[in-house]
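Okay, here's what each chain looks like letter by letter:
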Amino acid sequence: MPKILVIGACGQIGSELTSKLRETHGNNNVIASDINYNNLDVVNSGVFEIVDAQDYASVKICVEKHQIDTIYLMAAMLSATGEKYPMKAWDLNMNSLFHVLNLAKEGFIKSVFWPSSIAVFGPTTPKDNTPQYTVMEPTTVYGITKQVGERWCEYYNSKYGVDVRSIRYPGIISWKTLPGGGTTDYAVEIYHKAITDKTYECFLSENTELPMMFMDDAIEATVKLMQAPAENISIRSSYNLAAISFTPKDIYSAIKKHIPDFEISYNPDFRQQIADSWPKSIDDSEARKDWNWNHTFDMEKMTSEMITQLQKKYQSSEK
């Protein structure tokens, strides 16, 4: 059994990834860590450590204490928050990656998962069916850190033999956890507001099409990539990953089938410019070829699951 450390385990993706890994490998083999105790579900469901991803000693001490061989580095400052605090985003996103890559280079751990993002693309990137290899001129600090990070991952693999693997996540949608300051957050918020308020003011325009993915698919892709034999991994920068693409208008129409009196309005803010620089759809044929990636949730299935689960959640919180 691998001994796994999830850094940033209390975040949107990290929390659900931790749960899946514990289910697969056992609670004692998956150490969750974050900078605070904010997510009590994660903290109380297995071994938990306070780890500062920006502090090499903090990470190394945890690795040695638990004899870790695999790290999933999920700590990051996302796109919208990163634009407010650009230097903090740079420091967190880059320092944490170097610490983990260096631990692997020095032989303390055997493998690394590090998430990239569609934010690596920019306004000069082809918008439709964005290829694996293309122009990348990101316009956000978050995107810049992810593009630079991809280059370092490939470098550490080619120069030092580090087994590092990565996915360019699209927007992620989940009913279990709230989003953490990204440009695609509207696609989670809209479901909550549809149930609680029957109305939602969207911070993107109605026809802004972006690549999205239900959380279950994102977790499945992550686990599948890490389980694939090393000889199948042909890309050490980061794999394109796709499931569905839609606009706020599309998601509104899908929700309205379940909640007929739901209404939406549009008031684009600074996140509109970020969204406009990103692709509309992604070509992920390399991931499908190399490690048999395939998504499960389309728009209808995702919407049905989101509304069903959130209604249960809100009903239970009212009791």
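This structure is a prediction, so every number in the text was calculated from the model and none was measured.

Undergrad: Please clarify how helix α12 (residues 299–318) should be interpreted in this entry.
TA: What sets the pattern is the α-helix's 3.6 residues per turn: residues three or four places apart point alike. Taking 1.5 Å per residue as the helical rise, α12 with its 20 residues ought to reach 28 Å, and the 28 Å between its terminal C-alpha atoms agrees with that figure. Looking only at α12, the buried set comprises Met299, Met302, Thr303, Met306, Ile307, Gln309 and Leu310. Considering only its buried residues, α12 is in contact with β9 (171–173), α7 (186–196), β11 (210–214), β13 (244–246) and α9 (248–256). Looking at where α12 begins, the residue whose side-chain oxygen comes 3.3 Å from the main-chain nitrogen of Glu300 is Asp298.

Undergrad: Sorry, what's going on with the nonpolar core here?
TA: A general feature of soluble globular proteins is that nonpolar side chains tend to end up buried together. Counting residues in each nonpolar core, the largest one holds 77 residues, and the members touching the most others are Tyr186, Tyr191, Phe246, Trp291 and Met302. Residues in contact with Met302, not counting those within four places in the same chain, are Ile173, Tyr191, Phe214, Ile244, Phe246 and Phe297. Membership of the second largest hydrophobic core comes to 28 residues, among which are Val51, Ile71, Met77 and Tyr156.

Undergrad: Help me understand the packing of α7 against α9, please; the structure alone is not making it clear to me.
TA: Any two packed helices are characterised by how steeply their axes cross, that is the angle between the axes, and by the distance between the axes. For the pair α7 and α9, interaxial distance at closest approach is 11 Å and the crossing angle is 30°. By the angle between their directions, the pair α7 and α9 is classed as roughly parallel. Our pair here, α7 against α9, has a crossing hand that is right-handed. Residue-level contacts link Tyr186, Ala187, Ile190, Tyr191 and Ala194 of α7 to Pro248, Ile251, Tyr252 and Ile255 of α9. Class assignment for the residues of the contact of α7 with α9 results in 9 nonpolar, no polar and no charged.

Undergrad: Explanation requested: the pairing of strand β1 (residues 4–7) in the structure shown.
TA: Note on strand geometry: in a regular strand, side chains alternate between the two faces of the sheet. Residues of β1 alternate between two faces, with Ile4 and Val6 on one and Leu5 and Ile7 on the opposite face, all of them buried. Strand direction decides the pairing type here: β1 and strand β2 (residues 30–34), joined by 4 bridges, are parallel. Opposite Ile7, over in β2, you have Ser33 as the bridge partner. Bridging between β1 and strand β4 (residues 70–73) involves 4 bridges; their strand directions are parallel. In the sheet register, Val6 faces β4, and the bridge partner there is Tyr72.

Analysis parameters
- Residues numbered from 1 in each chain as written.
- Predicted model: local features only at pLDDT ≥ 70, side-chain atom pairs only at ≥ 80, totals over all residues.
- Heavy atoms only, no water.
- Helix = DSSP H or I, 4+ residues; strand = E, 2+ residues; numbered from the N terminus.
- Expected span 1.5 Å × (residues − 1).
- Buried < 20%, exposed > 50% of the residue type's maximum accessible area, 1.4 Å probe, protein only.
- Contact = heavy atoms within 4.5 Å.
- Polar contact = N/O pair within 3.5 Å; in protein donor to acceptor, adjacent residues only side chain to side chain.
- Core = buried A, V, L, I, M, F, W, Y, C linked by side-chain atoms within 4.5 Å.
- Axes fitted to C-alpha atoms, helices over the stretch in contact; angles between N-to-C directions.
- Parallel < 35°, antiparallel > 145°, perpendicular 65-115°, else oblique.
- Left-handed = near helix turned anticlockwise from the far one by under 90°.
- Nonpolar A, V, L, I, M, F, W, Y, C, P; charged D, E, K, R; others polar.
- Pairing = 2+ DSSP bridges.

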